Structure formats: structure tokens, C-alpha cells
Amino acid sequence: PHFIIIFYSMKYIYYFLMLTFILETSKNVSAQGTTCADADPFCTGTTYSFPNNTGTSAQAGPDYGCLLSQPNPAWYYLQIDQSGTIQMDISQVNASGSGIDVDFIAYGPFGSAAGGCGSLTSGNTVDCSYSSSANETATIIGAVSGEYYILLITNFSNQSGNVSFSQT
């Protein structure tokens, strides 16, 4: 009888742990990094589409260059595999599919993503745009294999919607 009680107790603990894991994993999949330290990796050759952030502000500290405001940030980093020029198309639409203002700033090069977060200065800004366009192109000229770059995408209009970006 004690074995049966222990077995059922372990079974419920297992279910609880699995439910907790699933809930935490699904939460992290939809949430975008709102600070540089929480930046998500960006792999070239992949198109990213995610719900934009609303109701948040970017962290204090970095030099945001041309970005006069930094609402609703989504941070990404990438490590260069092959040297050369990298271009990334960025777009944002609202729930009805109409384009809404998207802005960005790209920083680099850095030896690591974590090390780069402490060095987001005007000297490390490689591209920046603060236009009212719903479509932007970020360009990294002369990227060298092994280097890291950090990309911040903002949702100026604070409207719910989706951001898409990919390397072209």
C-alpha cells in the first residue's frame, strides 16, 4: 500500500513539473527580450515573425543614436558566420495587416553578445533608422566571421501587431 501511495504521489509531481515546464516554455517563446541582456538569438536564413511588444520602454544606459524614443523594444543578437555585408528587412503590421511604424538600431562588432550589451555606444552604432515607415532595411557593412552584432527593433506606435524580419 505504501508503494502505491508513493507511486501516485510521484505521478502527480511529474504532471506538475511537466505542466510548469510547458507553461514556462510557451511564455518564453512569445515574449521578446525587452532588455539587451535578454536579447534573443537571430539566425540568418530564417524569417522571424512575432507579436510586437506594447506598453514597455527601453532600458536606460545605451546610446540610442537616431532613435529619439525607444518604446516597446525587442532585442536580438547575431553572430556572423560568413564575412561580408549583411542586410535585414524589418516590417511591422497591426492586427488588420496595415503597416505601422517600425524603427531600429544595430550595434557592433563585439566579441560576445553579453559583452556587447555593456558597450552600446555611438561608436558601436552601425545602422539606425527613426522614420515613420512600416518597412526598414538594416545594413551591416564589412561584418567579419565570428563577430557579434546587436539589433534593437521598436514599436513606435504602441499598436498591437506583428514584426517580421529576415536577412536578405
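One structure accompanies this document, and this report is about it.

Thresholds, definitions, all that
Residues numbered from 1 in each chain as written. Predicted model: local features only at pLDDT ≥ 70, side-chain atom pairs only at ≥ 80, totals over all residues. Heavy atoms only, no water. Helix = DSSP H or I, 4+ residues; strand = E, 2+ residues; numbered from the N terminus. Buried < 20%, exposed > 50% of the residue type's maximum accessible area, 1.4 Å probe, protein only.

Our next topic: unusual backbone geometry. Here glycine 108 and proline 109 are connected by a cis peptide whose omega angle stands at -10°. One can find proline 109 in strand β5 (residues 103–110). Despite not being glycine, asparagine 72 has its phi angle at roughly 55°, a positive value. With respect to the element layout, asparagine 72 can be found in the loop between β2 (48–51) and β3 (74–79). A residue is classified by how much of its surface remains accessible, and asparagine 72, at 3% relative accessible area, is buried. Positioned with a positive phi, asparagine 158 is a non-glycine residue whose angle comes to about 60°. With respect to the secondary-structure elements, asparagine 158 resides in the loop between β8 (148–154) and β9 (161–167). Of the residues examined, asparagine 158 reaches a relative accessible area of 41% and is grouped as partly exposed.

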